[in-house]
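Chains, contacts and geometry: an overview
Now for the letters of each chain:
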Amino acid sequence: MTLGVFVDTFVYGVIIPFLPTIVGKFGGDSKDSGLLLAYYSIGLLVATPIIAIISDRYQRRKLFMIIVLACLIGSTIAFGLAESYWLLAVGRILQGASSGGVWTLGMSIIVVRFNANELGQAMGIVLAGYTAGGLLGPPLGGILYERLGYQAPFIFSGALALLDLFGLLLLEEAAVVNESRGVTQQSKQGETDRDLDSSAARKAPTNMLQVLIVPSIVIVNVLTILTGTVLASIEATLPLRLKDHYGFNVETIGLAFMAIQVPSTMFSPIAGWVYDRYGFRPILTGSLIACAAIAPLLGIEQGFATLVVVIVVFAIAFTFGLSPALAEVAACVPKAMISQSYAIFNMSFSVGLLLGPICGSLMYQYVGWLWEWVLIASLLFIAIPLPLIFKRPVYID
């Protein structure tokens, strides 16, 4: 599953360094670049709930993953053959649809293969695959584009997707644990009764709408929307900042993204390990406080080396918020509803990925880089109380 998430993220990021250049050739501007990133979320939002409901009903996750990877390969073909902006948009929508499947099905497979007290570290390893894809996608995309031409990044991406498909064919599908209650019965070492909502025991949810209104799921997904918004805003506007302010070309923009992603890749398993031992509330609270404090520093005028250092510190703090949220989803629902709960998680993340490029691009164009980061810091600060009031649900037997 780590390979699948890596390939998905690699394909997502491979276009980022030369996105402004390609959109410009088709007569677009920074708003069109942001919209092209946002089309990814449209595909994800439409496809994810359908995939999740079918997955929980028929339990054929491996077969559905094969179909999803075929969709991912189709998206790379659409990008490679694009001769207009709208064909790029079609490719991005297909990519979003396949990504929704990779994450929903992949996370479900992991949950049924690992014990609750190992789940955080397992999710951290998967998230390392996510950040590694983000690490290698932009720089390799920039290098391949500059050295070998427009189609080269997508040929390489298609080859990776085929490799993932081959690995999936070798994977033995695990049986789903169809329990009436999920992993909420098990506690982390650092958790106490205050972390459990024992005063309001409820019936276990049996459909996606019931999962959606579980209070702990609401909190996790609000934080996930915020996470996606911040991440996508950076992806949309950092290339513009590096190009406009520092004079970087496509290749150097890609290398800059590599420097930023290395710490996230290294610290994702560590964040998962900390979550397994101390739980959701303390690690999320600390992550939000640190990110809110660091964010304004990214907006000030500074040399490129200083900017990289500040972004690296921000990325590390950000990672300690994303890994626990990914694992905590499984701790708040019955295992029979895992696919649908991760569908909601993915849809929340995609809402952030939809809002981030649009808001970030508009802020960058009309009020500038500084105020974009002031707004991000404000949103992070406002979100700090959410993990403090978080409690896991307790379900009636």
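Read on for an overview of the structure.

This part covers the layout of surface pockets. Considering only enclosed or pocket space, the largest pocket measures out at about 200 Å³ in volume. Looking at the largest pocket, it is lined by 15 residues, and the ones nearest its centre are Leu 226, Thr 229, Leu 375, Ile 376 and Leu 379. Taken together, the elements giving at least two residues each to the lining of the largest pocket come down to helix 9 (215-246), helix 13 (338-366) and helix 14 (369-382).

Turning our attention to the packing of helix 4 (residues 61-80) against helix 7 (residues 152-170). Relative to each other, helix 4 and helix 7 sit at 170°, their axes nearing to 9 Å. Comparing the axis directions of helix 4 and helix 7 gives the class roughly antiparallel. Here Lys 62, Met 65, Ile 66, Leu 69, Leu 72, Ile 73, Thr 76, Phe 79 and Gly 80 of helix 4 come into contact with helix 7, specifically with Phe 154, Ser 157, Gly 158, Ala 161, Leu 162, Asp 164, Leu 165, Leu 168 and Leu 169. Residue classes in the contact of helix 4 with helix 7 are distributed as 12 nonpolar, four polar and two charged.

Taking 1.5 Å of rise per residue, 19 residues should cover 27 Å, and helix 11 (residues 280-298) covers 27 Å from first to last C-alpha, within 8% of that figure. Every buried residue belonging to helix 11 is among Phe 280, Ile 283, Leu 284, Thr 285, Ser 287, Leu 288, Cys 291, Ala 292, Ile 294, Ala 295 and Leu 298, and all of these are buried.

Attention now moves to the environment of Arg 202. Summarising the element assignment, Arg 202 is placed in strand 1 (residues 196-202). Measuring from C-alpha to C-alpha, the distance between Arg 202 and Val 214 comes to 9.3 Å, with 12 residues separating the pair along the chain. Other than its neighbours up to four places away in sequence, Arg 202 contacts Ile 213, Val 214, Pro 215, Val 394, Tyr 395 and Ile 396.

Counting 121 residues, the largest nonpolar core has Met 107, Met 123, Phe 314, Tyr 342 and Leu 380 as the members making the most contacts within it. Apart from residues lying up to four places away in sequence, Phe 314 is in contact with Val 230, Ile 234, Cys 291, Ile 294, Ala 295, Leu 298, Trp 373 and Leu 380.

This next bit is on the side chain of Gln 95. With respect to the element layout, Gln 95 can be found in helix 5 (residues 85-111). Leaving out residues up to four positions away in the same chain, Gln 95 has contacts with Asp 8, Val 11, Tyr 12, Tyr 40, Leu 72, Ser 75 and Phe 79.

What counts and what doesn't
Every chain is numbered independently, its residues counted from 1 as its sequence is written. Reporting in this predicted model follows two pLDDT cut-offs: at least 70 for local features of residues, and 80 or more for side-chain atom pairs to be given and counted; totals over whole chains, interfaces and linings ignore these cut-offs and use all residues. Side-chain metrics in this entry use all non-hydrogen atoms of the structure; hydrogen atoms and water are not considered. Using a grid of 1 Å spacing that covers the protein atoms alone, one calls a set of points a cavity when a 1.4 Å probe fits there but cannot get out, and a pocket when the set is open and has protein on both sides within 12 Å along at least five of seven lines; lining residues are those with an atom within 4 Å of a point. Grid points are joined across faces, edges and corners, and a volume is the space filled by probe spheres set on the points. Counting from the N terminus, the helices are DSSP H or I runs at least four residues long and the strands are E runs at least two residues long. Fitted lines through C-alpha atoms serve as axes, helices being fitted only where they are in contact, and the angles separating the N-to-C directions of these axes extend from 0 to 180 degrees. The labels follow the angle: roughly parallel below 35 degrees, roughly antiparallel above 145, roughly perpendicular from 65 to 115, and oblique for the rest. In what follows, residue pairs with any heavy atoms lying within 4.5 Å of each other are defined as contacts. Gly falls in the polar group here, along with every residue not listed as nonpolar (Ala, Val, Leu, Ile, Met, Phe, Trp, Tyr, Cys, Pro) or charged (Asp, Glu, Lys, Arg). The span you would expect from a helix comes to 1.5 Å times its residue count less one. For each residue, the accessible area found with a 1.4 Å probe, counting protein chains only, is set against the maximum for its type, and the residue is called buried under 20%, exposed over 50%, and partly exposed in between. The set of buried Ala, Val, Leu, Ile, Met, Phe, Trp, Tyr and Cys residues whose side-chain atoms join them within 4.5 Å is what this entry labels a nonpolar core.

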